[in-house]
Amino acid sequence: MNIGDSPLLTDLYQLNMMQAYLANGLTGPASFELFVRRLPPGRSFMMAAGLEQAVEWLAGFRFSADELAYLEKSGRFDAAMLDYLATLRFTGDVDAMPEGTVFFPHEPILRVTAPLPLAQLLESRLINLVQLQSLVATKAARVMLAAPGKVLVDFGFRRAHGAEAGLMAARAAYVAGFAGTATVLAEMLWGIPIYGTMAHSYVQAHEDESVAFETFARARPDNLTLLIDTYDPEAAARKVVALAPKLARDGIVVRSVRLDSGDLVGLSRRVRAILDAGGCPDIRIFVSGGLEEGQIAAIVESGAPIDGYGVGTALTTSQDQPVLDIVYKLQEYDGVARRKRSAAKQTFPGRKQVWRTRAADGTIAGDVISLDGETLPGETLLAPVMRAGERVRRDPSLADIRARAARELAALPPALRDVTHPGPYPVAIGTALHDLTEEVDRRIAAHG
């Protein structure tokens, strides 16, 4: 069994509520929406990702014989509940923002409409799948904005919070525009380009650094990058200059050198000067080592001659903001709009849509959240994905998703493109949604 497919990737209270719903005949259609309550500090937007994995999970949703046997043995659930689970499949509808779409607080990025017990059970895993990739895609998008035109590579698998997280982070970063990843399985699964150089240990295993460079080059000549800061980066750069013509005679081209520590601005300038003076102007400089978008933006602004960046821990863990305030809330049950009124956690009722308008130059200018089915100016962001448990369209390719993300980033106004001092973006509540909210409040008050 693939652990990630299990419907038991949930919280106990979901199953508790399911049994209570069944026992009390609460099985009518329910709509839940997944959204972010607020932007993390320092963020001006989010980027949606993870929909493909969410839909795959829903399409294959079922309890295995082993899982049913475990639940029966636990003694927590009655026979009617176990019989319900034995034949349970996802039979509902899904509407969602396409992956790569920029979104803002309170905007539903995914809506599930299904029988209440089923829709409730989906909450924990759907949040789990969509939060991680949206979090990392947003982080990667910020790095893209900080380093336009540079080669960006995900180096973060080893520091990710588990194998699935590292793998999905590679996908999310690629969605946002990264050139590729160091994670090999990502190429096998999705065709994401993989990049790899060498570690300091390879150089340390040799007595002579020049010998290390040459043996590595002859063993792995394709897309050759040499790591030059194990000892003295400037001395190593001179060794590369001396070695390059010898390798070239055998058809081996040194594509780049990598710096992984120290003053990257100063070192890159000195290494660039050594390479250029030695007749190697085409050798690029690639850097890594605990980088995040603020540092990268400052390096780019300095004019340092750096061609690409490997971004690891800060990316795959979204280190500065490692979690989203993302929720999945009931908005309608049995045709009646519902709303949560808890302090600081209030929700807007009913099934919703988001309309986005653009300025004359194509940049996004403002969003309106209102009731699904209305006709308002602008483009609608949520689209049908599944109906009655079946996909309603062919899943977009990863290339199509990347293209959408690129268009979304290109359409950001200047206030949202600034990764160090981000500005606001207008999101309004439509009149019909405002009126429905007041109506629901009156109904709640009348029932005490």
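Please read these numbers as outputs of a predicted model, since none were measured by experiment. (Residues numbered from 1 in each chain as written. Predicted model: local features only at pLDDT ≥ 70, side-chain atom pairs only at ≥ 80, totals over all residues. Heavy atoms only, no water.)

A few words on the overall build of the protein chain. On a plain count of helices and strands, the protein chain comes out with 17 helices and 19 strands. Expressed as a percentage of its 448 residues, the buried residues of the protein chain come to 50%. The long-range share in the protein chain, meaning contacts at least 24 apart out of those at least 6 apart in sequence, stands at 74%. (Helix = DSSP H or I, 4+ residues; strand = E, 2+ residues; numbered from the N terminus. Buried < 20%, exposed > 50% of the residue type's maximum accessible area, 1.4 Å probe, protein only. Contact = heavy atoms within 4.5 Å.)

Looking at the secondary structure, you find Ser124 in helix 6 (residues 123–146). On the basis of relative accessible area, Ser124 is assigned to the buried category, the value being 15%. Not counting the four nearest positions on each side in its chain, Ser124 is found in contact with Leu9, Thr10, Asp11 and Gln14.

A few words now on the pattern of salt bridges. Tallied over the entire structure, the rule returns 31 salt bridges. The partner of Asp441 in a salt bridge is Arg341, and the shortest N-O contact between them spans 3.4 Å. One end of the pair, Asp441, is in helix 17 (residues 431–446); the other, Arg341, is in the loop between strand 13 (336–337) and strand 14 (352–358), and 100 residues separate them in sequence. For Asp441, a relative accessible area of 19% translates into the label buried. By relative accessible area, Arg341 is classed as partly exposed at 42%. Several salt bridges share partner residues, and in doing so they unite Glu33, Asp95, Arg111, Lys352, Asp372 and Arg387 into one network. (Salt bridge = Lys/Arg side-chain N within 4 Å of Asp/Glu carboxyl O.)

So, on to the UniProt feature "domain: Nicotinate/nicotinamide phosphoribosyltransferase" (unreviewed entry) in the protein chain. As annotated in UniProt, the feature "domain: Nicotinate/nicotinamide phosphoribosyltransferase" (unreviewed entry) corresponds to residues 152–332 in the numbering used here. From the first C-alpha to the last, residues 152–332 spans 43 Å; its make-up is 45% helix and 17% strand. (UniProt positions renumbered as here; feature names shortened; annotations may be inferred.)

Moving on to the pairing of strand 3 (residues 93–96). Every regular strand shows the same layout, with side chains that alternate between the two sheet faces. Pairing between strand 3 and strand 5 (residues 110–115): four bridges, direction antiparallel. In the sheet register, Asp95 faces strand 5, and the bridge partner there is Arg111. Direction of pairing for strand 3 relative to strand 17 (residues 383–387): antiparallel, over a ladder of three bridges. Opposite Ala96, over in strand 17, you have Ala383 as the bridge partner. (Pairing = 2+ DSSP bridges.)

Here the focus is the layout of surface pockets. By volume, the largest pocket is sized at about 600 Å³. Lining the largest pocket are 25 residues, with Phe155, Arg158, Arg258, Asp260 and Ser288 sitting closest to its centre. Elements supplying a minimum of two residues to the lining of the largest pocket: strand 11 (308–311) and helix 14 (313–316). There is about 340 Å³ of room inside the second largest pocket. (1 Å grid on protein atoms, 1.4 Å probe; cavity = no way out; pocket = protein on both sides within 12 Å on 5 of 7 lines; lining within 4 Å. Points joined across faces, edges and corners; volume = space filled by probe spheres on them.)

What follows concerns the UniProt feature "domain: Nicotinate phosphoribosyltransferase N-terminal" (unreviewed entry) in the protein chain. Per the UniProt record, "domain: Nicotinate phosphoribosyltransferase N-terminal" (unreviewed entry) is found at residues 8–130. Taken end to end, residues 8–130 is 43% helix and 18% strand, and its two terminal C-alpha atoms sit 17 Å from one another.

A few words on empty space enclosed by the protein. For the coordinates displayed, the defined rule picks out three cavities of 30 Å³ or more. If you add up the space inside the largest cavity, you get close to 100 Å³. In terms of lining, the largest cavity is formed by Leu51, Glu52, Val55, Pro98, Glu99, Val385, Arg393, Asp395, Pro396 and Ile401. It is helix 2 (residues 51–59) that provides the largest number of residues to the lining of the largest cavity, a total of three residues. When its volume is computed, the second largest cavity comes out at roughly 60 Å³. Around the second largest cavity, the lining residues are Ala48, Ala49, Leu51, Ala96, Met97, Glu99, Ile109, Leu110 and Val130. Residue composition of the lining of the second largest cavity, by class: eight nonpolar, no polar and one charged. (Nonpolar A, V, L, I, M, F, W, Y, C, P; charged D, E, K, R; others polar.)

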